[in-house]
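Notes for the structure review
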Number of protein chains: 2
Amino acid sequence: MSDTDPLVIFTPSGKRGRVPAGTSVLQAARNLGVDVDSVCGGHGICSKCMVRPAFGTHPKHGITAAEDALSPANAVERAYREKRPVKPGYRMSCQTQVLGDMVIDVPAESQVHKQVVRKAATDRVIEMDPATRAVYVEIAPADMHTPSGDWERVTAALSESWGLGDVAVSVAMLAEVQAALIAGGNAVTLALNTARAGRPRVVGVWPGFAEPALYGLAIDLGSTTIAAHLTDLSTGAVKASGGVMNPQIRFGEDLMSRVSYAMMTPGGAAEMTAAVREAIGTLATELAQEAGVGIEAIFEAVFVMNPVMHHLLLGLDPVPLGQAPFALATGAALDLSAREIGLSFAAEAQLYVLPLIAGHVGADAAAVALSEAPQEQEDLTLIVDVGTNAEILLGNRERVLACSSPTGPAFEGAQISSGQRAANGAIERVEIDPVTKEPRFRVIGIAQWSDEPAFARKSTRTGVTGICGSGIIEAVAEMRIAGIMDANGLIGSPEAVGSPRCRKVGRTYEYVLHDASATGGPVISITQADVRAIQLAKSALYAGARLLMDEFGVDRVERVVLAGAFGAHISPKHAMVLGMIPDCPLEKVTSAGNAAGTGAQIALLNLGARRRIEALVHEITKVETAIEPRFQEHFVAANAIPHATDPFSGLRALVPLPEPSFNAGPDSGRATRRARRRR
Amino acid sequence: MSDTDPLVIFTPSGKRGRVPAGTSVLQAARNLGVDVDSVCGGHGICSKCMVRPAFGTHPKHGITAAEDALSPANAVERAYREKRPVKPGYRMSCQTQVLGDMVIDVPAESQVHKQVVRKAATDRVIEMDPATRAVYVEIAPADMHTPSGDWERVTAALSESWGLGDVAVSVAMLAEVQAALIAGGNAVTLALNTARAGRPRVVGVWPGFAEPALYGLAIDLGSTTIAAHLTDLSTGAVKASGGVMNPQIRFGEDLMSRVSYAMMTPGGAAEMTAAVREAIGTLATELAQEAGVGIEAIFEAVFVMNPVMHHLLLGLDPVPLGQAPFALATGAALDLSAREIGLSFAAEAQLYVLPLIAGHVGADAAAVALSEAPQEQEDLTLIVDVGTNAEILLGNRERVLACSSPTGPAFEGAQISSGQRAANGAIERVEIDPVTKEPRFRVIGIAQWSDEPAFARKSTRTGVTGICGSGIIEAVAEMRIAGIMDANGLIGSPEAVGSPRCRKVGRTYEYVLHDASATGGPVISITQADVRAIQLAKSALYAGARLLMDEFGVDRVERVVLAGAFGAHISPKHAMVLGMIPDCPLEKVTSAGNAAGTGAQIALLNLGARRRIEALVHEITKVETAIEPRFQEHFVAANAIPHATDPFSGLRALVPLPEPSFNAGPDSGRATRRARRRR
């Protein structure tokens with residue numbers, strides 16, 4: 001290249017260099033390492049390589065781009081423009097020659113590695129680097145004088161046009177390539193997946209030039225809920241999102257009861273495996289329908305899940321996970337075909353399973369780490385993914401620790417007398433007046449609080465049907481703040497509390513939140529058993545966090561991130577009043593939404609992220625709660641609300657907590673009688 | 001290593017070197033690059049590493065091996081000897097330490113790369129280097145303080161004990177590994193296949209130490225016959241051999257009629273694909289039964305076949321092979337799983353398909369090249385693989401050419417009036433007395449000729465049922481030698497020939513070879529139509545060979561190899577009298593038996609051979625008979641017996657050929673009458 005060759009500057013990258021006059025803009029971009037997309041390989045068919053020339057004077061770059069610095073539209077480009085609309089000022093980079101100094105903008109939609117954004121604690125910016133992409137090739141016709149197979153000519157073209165070598169293909173795809181070349185006149189569009197050790201694999205075939213829908217599923221397979229996002233692998237756009245209940249619930253509410261079922265029932269594990277695979281298939285079909293494509297448009301899926309779900313999905317035996325040493329069949333990241341586990345997506349769809357961290361710390365925790373990146377934080381950050389099983393991560397730039405804690409399903413509204421899943425009509429927020437002890441609440445589906453005028457009318461539509469996970473947390477915390485319940489979790493009598501909403505039920509008291517019995521509706525109350533269930537769950541969560549803090553050698557954390565589908569709805573203040581999480585400035589407690597799901601989406605769209613999390617899981621120190629004696633101590637101490645020994649002084653400075661004692665209640669009365677008898 | 005360290009010499013390799021005293025014999029062998037087998041990895045379990053120490057004075061090597069130059073049997077070896085017999089003088093090399101200078105013989109059965117022999121034109125020596133082998137590993141128990149999956153600990157052990165990295169495994173095999181480790185007490189035997197790009201893949205799993213039957217099938221899939229050898233992949237021993245008719249015959253006798261069926265019948269190709277896959281499954285089941293194993297003991301299969309069979313087996317469309325440019329879907333060697341094409345061997349059995357040479361020259365020809373190695377011959381060698389389609393190779397160290405020629409099934413006894421397949425009762429050899437014109441023959445299953453005393457009695461058991469391929473060739477050639485038939489292939493009248501065995505049938509004559517009609521048996525004769533069928537077949541074969549000779553620029557070949565299951569039975573003299581093959585000294589015409597099948601066996605047992613044939617097919621010059629105008633000329637000239645223009649002087653010097661002319665026969669009479677009328 002000589003100094004008199006045209007100078008080309010690409011924005012926004014700022015990459016610049018001289019190219020011989022007559023070089024295509026696409027080629028110039030490739031020479032200079034500028035990311036410009038192309039599916040058709042420069043044949044002027046796909047329009048993925050559209051760029052925006054910036055004519056005129058560019059003082060910043062020290063050049064003037066004349067109108068004749070680019071060649072006018074040639075026959076190929078004109079033909080394209082006659083058939084399809086092109087944005088004003090855009091040019092087809094593969095058909096346009098550089099003739100003079102030029103500044104050329106590459107719009108985001110023309111970049112392969114464009115960035116997309118996902119909502120999380122903070123917005124996650126994901127650089128697109130998907131495993132699956134489409135390429136178009138034209139091949140020489142068959143020539144019997146130099147015989148070579150169709151596939152050999154396709155691989156030669158893939159090597160020449162795309163620099164791809166050693167492409168894997170199944171015989172089923174070979175048959176499709178053969179047919180597509182006949183139908184497409186020696187031209188074919190292939191979908192290639194490069195997830196397995198970088199070796200491209202043919203996963204889809206279309207005759208001639210095609211713009212196939214290449215969709216991927218990011219699946220967060222939880223014990224209770226299966227959540228999935230269907231994403232366009234070319235643009236990164238989410239096309240449909242949804243969830244279904246995990247049908248394994250009928251075999252056991254929590255992980256350990258499912259392991260027991262597998263252990264006690266011959267064929268039980270296989271039964272659960274079949275159930276969850278079928279549910280995933282149904283969910284995928286629904287999401288594809290919603291996005292207006294067939295299920296065969298799904299070329300990839302990424303899974304995050306805890307170890308028991310992992311084993312049950314893959315057809316591995318979960319029984320060893322039920323007892324020490326909690327031996328995993330494998331914890332490594334897995335690349336496999338959808339067919340291997342009986343999922344009917346595209347015939348050659350590929351799956352990626354994020355690595356597990358340990359026998360009780362799953363790929364869901366790994367996905368949270370991928371999304372929340374504790375290893376990059378300055379602040380010592382505690383991340384709790386709240387679900388039936390809580391995944392807990394604690395770390396900063398120096399070190400990351402992880403454990404899992406069996407909280408049970410109380411936080412999700414299960415095992416709660418008026419509990420229900422988060423749906424229209426469920427109480428999700430609660431406030432109790434500390435003076436009158438009267439509550440007000442909000443239900444899902446209605447913007448107003450229950451004491452606002454419009455509520456009565458609007459609630460005739462949804463009803464007030466129960467209380468969901470975030471509602472029960474707020475209710476119990478508000479009862480504590482209002483002095484309806486003491487630090488031991490005992491609900492007071494109507495006399496002691498001074499409210500008729502406290503009612504005796506058997507030997508204990510309940511607090512009535514909503515009574516519609518006069519009109520045949522439900523009575524929604526918080527019972528003593530409900531408080532006990534929440535105490536057990538929050539003690540397990542807090543004990544897990546404390547164990548990690550011990551291991552880290554700290555007794556305070558600097559930041560708390562609440563993750564999990566349900567984490568998004570927890571009020572930080574109420575979580576801290578309950579003592580679910582350690583004392584920490586409230587403004588430092590944030591919600592990450594479904595961080596595991598976000599991690600799955602990141603892994604779906606970016607191959608580099610898969611390598612990052614595979615490396616990170618080896619760096620994370622695993623702490624096994626089940627065999628750590630201090631876990632029991634922490635668990636017992638965490639039973640009090642907020643805590644028996646940890647001062648929670650930061651919280652108490654903000655939220656005054658009265659300290660009544662309801663030992664005179666029937667529960668303690670019994671204890672006192674028993675104690676007397678023993679004397 | 002110092003000069004005072006013990007010197008160890010291994011025979012038969014002659015490799016020698018010093019090792020520190022106390023080194024195990026197995027380790028010493030590995031240090032010195034001596035090939036000693038081991039499945040258990042040195043745990044004293046498998047006994048594959050047995051060696052034979054040679055004590056005493058070895059003047060040739062300049063050392064004396066004292067009785068105490070090896071450690072006595074330790075507890076592990078003694079325990080093994082109590083349970084199982086050990087050949088006298090053999091020691092377990094992994095348990096025996098070198099203490100002084102020693103000569104140690106490694107018997108063939110203890111070598112991984114031992115040599116096995118296959119009968120072919122000359123005995124083929126195959127070095128064992130199979131893709132599938134068993135390895136045993138013991139792993140550390142699961143430890144929850146340093147959590148790692150079962151599979152991660154297995155791969156660590158495979159790396160440490162066997163130097164294997166990056167082992168591929170399906171989730172189904174992962175589940176079996178998990179179960180086997182529990183049943184086997186953290187020990188497992190794996191079958192690994194390294195055919196795909198050298199990356200080991202788990203194809204079988206057994207708890208603890210096991211000596212699994214690892215069998216492989218070498219399959220020669222012909223248009224008419226499917227032949228297979230079931231081979232022990234550890235020893236190279238053939239355990240069972242057999243064949244079945246290709247059931248596709250019901251869709252068309254020859255290749256082109258099957259291509260037509262695929263073209264004309266919707267779903268026809270799929271129907272033929274299903275039929276052949278089913279037949280292979282049945283054959284494999286029978287062979288496994290004969291060998292006393294289940295079909296799940298088959299871990300590998302190698303296929304050789306012509307392009308049409310290739311496409312039909314793999315589910316590719318054969319229609320493009322029916323017309324120029326004869327475009328193959330692929331001609332490359334293929335590694336795939338048996339499951340991909342619906343073959344039920346071991347669940348993870350792997351297949352290897354030899355490369356095709358061109359649109360009409362198949363993997364069967366490639367296998368013949370692998371077996372007969374024309375590229376290594378000093379003599380210019382013509383190899384004809386005689387079947388329904390003939391594969392023809394011509395070459396020497398300089399160059400190899402190949403073509404295929406559509407001979408049709410006449411050589412296999414099809415389309416012949418009394419033709420039958422080679423089975424008991426079929427006439428396979430014929431002699432005709434040139435003076436009396438009386439024949440004698442031999443039938444399959446009886447050692448005596450038909451004019452020997454014992455024949456009559458013995459033939460009551462088998463009968464004389466028809467004439468097979470080699471019988472028809474000998475019969476027609478003998479008729480030519482005896483002057484019963486002229487050079488144009490016309491059979492003479494009883495008067496002209498001077499024998500009542502010539503009988504008029506319609507407008508032509510037939511020669512009666514055997515007449516059992518008096519006792520209700522068959523009349524076996526050679527009709528004029530039979531001779532015409534043979535003439536067409538042999539003309540096609542000869543024309544193909546001539547085309548290659550033209551291309552090579554020669555008019556003589558130095559050696560002829562007759563290959564094909566049927567080639568083994570052809571008498572060279574009779575083949576040359578017929579003019580099937582060019583004139584050549586008779587002692588230079590040899591039979592290679594089923595060279596394609598031998599090639600398949602070589603590829604089954606030796607990975608290097610696969611790489612060799614993959615390279616060789618690119619070096620072979622393909623000649624396309626269907627589009628070469630000279631093929632027609634050669635075909636017409638080859639119609640005469642032995643040939644209209646080629647002198648066959650070498651043959652005539654050995655075998656006098658009378659030159660009667662039966663133009664006065666009914667055929668020519670008609671021609672003469674027609675000619676008269678035209679005047």
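Here the residue numbers are simple positions, counted from 1 along each chain's written sequence. Written order determines the labels here, with chains lettered from A and ligands numbered from 1. Side-chain atom pairs in this predicted model are given and counted only at pLDDT of 80 or more, local residue features only at pLDDT of at least 70, and totals for whole chains, interfaces and linings cover all residues.

**A short note on the overall build of chain A**
Threshold: Going along the chain from the N terminus, every DSSP run of H or I of four or more residues is numbered as a helix, and every run of E of two or more is numbered as a strand. Put plainly, a residue is buried at 20 or more neighbouring C-beta atoms within 10 Å of its own, exposed at 12 or fewer, and partly exposed in between, counting only other residues' C-beta atoms, which are placed from the backbone. Once C-beta atoms have been placed from the backbone, residue pairs whose C-beta atoms lie within 7 Å are recorded as contacts.
Counting its secondary structure elements, chain A contains 18 helices and 30 strands. Along the first, second and third principal axes, the C-alpha atoms of chain A reach 105 × 65 × 55 Å. Within chain A, buried positions represent 52% of all 679 residues. Long-range pairs, those at least 24 residues apart, make up 67% of the contacts in chain A between residues at least 6 apart in sequence.

**Overview of the relation of the copies chain A and chain B**
Copy one and copy two of the chain differ by a rotation about a common axis and a shift along it. Put simply, the test is: Least-squares fitting of one copy onto the other uses the C-alpha atoms of those residues that reach a pLDDT of at least 70 in both copies.
Take chain A, turn it by 180 degrees, move it 0.0 Å along the axis, and it overlays chain B with an RMSD of 0.2 Å. Viewed as a symmetry operation, the transformation between the two copies matches a two-fold axis. The residues that chain A uses at the interface reappear at the interface of chain B in 100% of cases, marking a shared surface.

**A short note on the packing of helix α8 (residues 363-372) of chain A against helix α15 (residues 607-619) of chain A**
Each pair of packed helices can be described by the angle between their axes along with the distance between the axes. Residue and element names in this part refer to chain A. To keep things clear, this is the line we draw: Simply put, an axis is a line fit to the C-alpha atoms, just over the touching stretch for a helix, and the angle between two N-to-C directions goes from 0 to 180 degrees. Rotating anticlockwise by less than a right angle from the far helix to the near helix defines a left-handed crossing, while the corresponding clockwise rotation defines a right-handed one. Under this grouping Gly is polar, as are all residues other than the nonpolar Ala, Val, Leu, Ile, Met, Phe, Trp, Tyr, Cys and Pro and the charged Asp, Glu, Lys and Arg.
Viewed as axis vectors pointing N to C, α8 and α15 meet at an angle of 115 degrees, and their least axial separation amounts to 10 Å. The two elements α8 and α15 meet at a crossing, and its hand is right-handed. When α8 is examined against α15, the residues A366, A369 and L370 are found in contact with a partner set consisting of A609, I613, L616 and V617. Residues belonging to the contact of α8 with α15 are distributed by class as follows: seven nonpolar, no polar and no charged.

**Topic: the interface of chain A and chain B**
A common way to express how large an interface is: the accessible area buried when the components associate. The interface of chain A with chain B comprises 36 residues on the first partner and 36 residues on the second. Every element with two or more residues in the side of chain A that touches chain B is listed here: α3 (150-162) and α4 (171-183) of chain A. With five residues, the top contributor of residues to the side of chain A that touches chain B is α4(A). Here the residues of the side of chain A that touches chain B sort into 21 nonpolar, eight polar and seven charged.

**A closer look at the sheet that holds strand β24 (residues 466-467) of chain A**
Residue and element names in this part refer to chain A. Let me state the cut-off plainly: Note on pairing: DSSP must find at least two bridges between two strands before they are called paired.
Ordered in space as β23-β22-β24, the three strands form an open sheet in which the pairing is mixed. At either end of the open sheet lies a strand with only one pairing partner, and these are β23 (439-443) and β24. Sitting on the sheet, helix α10 (residues 469-481) is in contact with β22 (426-432) and β24, with an inclination near 15 degrees to β22.

**Examining unusual backbone geometry**
Residues and elements named next belong to chain A. Cis rather than trans, the peptide bond between I641 and P642 has omega equal to 0 degrees. Looking at the element boundaries, P642 is found in the loop between α16 (629-637) and α17 (649-654). Look at N186: it is not a glycine, yet its phi comes out positive at around 60 degrees. As for its position among the elements, N186 is in the loop between α4 and β11 (187-193). At F326, a residue that is not glycine, the phi angle is positive and equals roughly 55 degrees. Tracing the backbone shows F326 in the loop between α7 (307-314) and β17 (334-337). Judged by local crowding, F326 falls into the partly exposed class, with 19 C-beta atoms found within 10 Å.

**Topic: the domain arrangement of chain A**
All names here are of chain A. So the rule is basically this: Here the bounds of each domain stem from an automatic or database domain assignment.
The domain boundaries assigned to chain A delineate domain 1 (7-110), domain 2 (115-207), domain 3 (215-353) and domain 4 (361-415 + 481-494 + 504-679). Facing the 27 residues of domain 3 at the interface are 25 residues of domain 4. Listing elements by their share of the side of domain 3 that touches domain 4, those giving two or more residues are β13 (215-221), β14 (225-232), β16 (298-305), α7 and β18 (350-353). Tallied by class, residues from the side of domain 3 that touches domain 4 come to 13 nonpolar, ten polar and four charged.

**What to know about the nonpolar core**
Heads up, the rule is: We define a nonpolar core as a collection of buried residues of the types Ala, Val, Leu, Ile, Met, Phe, Trp, Tyr and Cys that are connected via C-beta atoms lying within 7 Å of each other.
With 370 residues, the main nonpolar core has F303(A), F303(B) and A366(B) as its most contacted residues. With residues near it in sequence (within four places) discarded, F303(B) still touches I219(B), L221(B), L313(B), L351(B), V353(B), L354(B) and A363(B). Listed in part, the 25 residues of the second largest apolar core include I9(B), V34(B), C49(B) and I104(B).

**Thoughts on the pairing of strand β7 (residues 102-105) of chain B**
Successive side chains on a regular strand alternate, one facing one side of the sheet and the next facing the other. All names here are of chain B. Pairing between strand β1 (residues 7-11) and β7: four bridges, direction parallel. The residue bridging I9 from the neighbouring strand is V103, located in β7. Pairing of strand β3 (residues 50-54) with β7, which is carried by three bridges, proceeds in the antiparallel orientation. Counted as the bridge partner of R52 is D105 from β7.

**Some details on the packing of helix α12 (residues 528-552) of chain B against helix α16 (residues 629-637) of chain B**
Residues and elements named next belong to chain B. For clarity, the threshold we go by: For this classification, under 35 degrees means roughly parallel, over 145 means roughly antiparallel, 65 to 115 means roughly perpendicular, and everything else is oblique.
Viewed as axis vectors pointing N to C, α12 and α16 meet at an angle of 130 degrees, and their least axial separation amounts to 8 Å. By the angle between their axes, α12 is oblique relative to α16. Relative to α16, the crossing made by α12 is right-handed. Judged by residue contacts, S539, A540, A543, R546, L547 and D550 of α12 engage R630, F631, H634 and F635 from α16. The residue makeup of the contact of α12 with α16, split by class, is five nonpolar, two polar and three charged.

**As for α4(A)**
This is how it is decided: What a helix should span is 1.5 Å times the count of its residues minus one.
Taking 1.5 Å per residue, 13 residues should reach 18 Å; α4(A) reaches 18 Å between its end C-alpha atoms and fits that length. Taken together, the buried positions of α4(A) are occupied by V171(A), M173(A), L174(A), E176(A), V177(A), Q178(A), A180(A) and L181(A). Among the structural elements, α3, β11 and β12 (201-207) of chain A together with α7 (307-314) and β17 (334-337) of chain B are those in contact with the buried residues of α4(A). Immediately beyond the C-terminal end of α4(A), within one or two residues, lies G185(A), with a positive phi of roughly 60 degrees.

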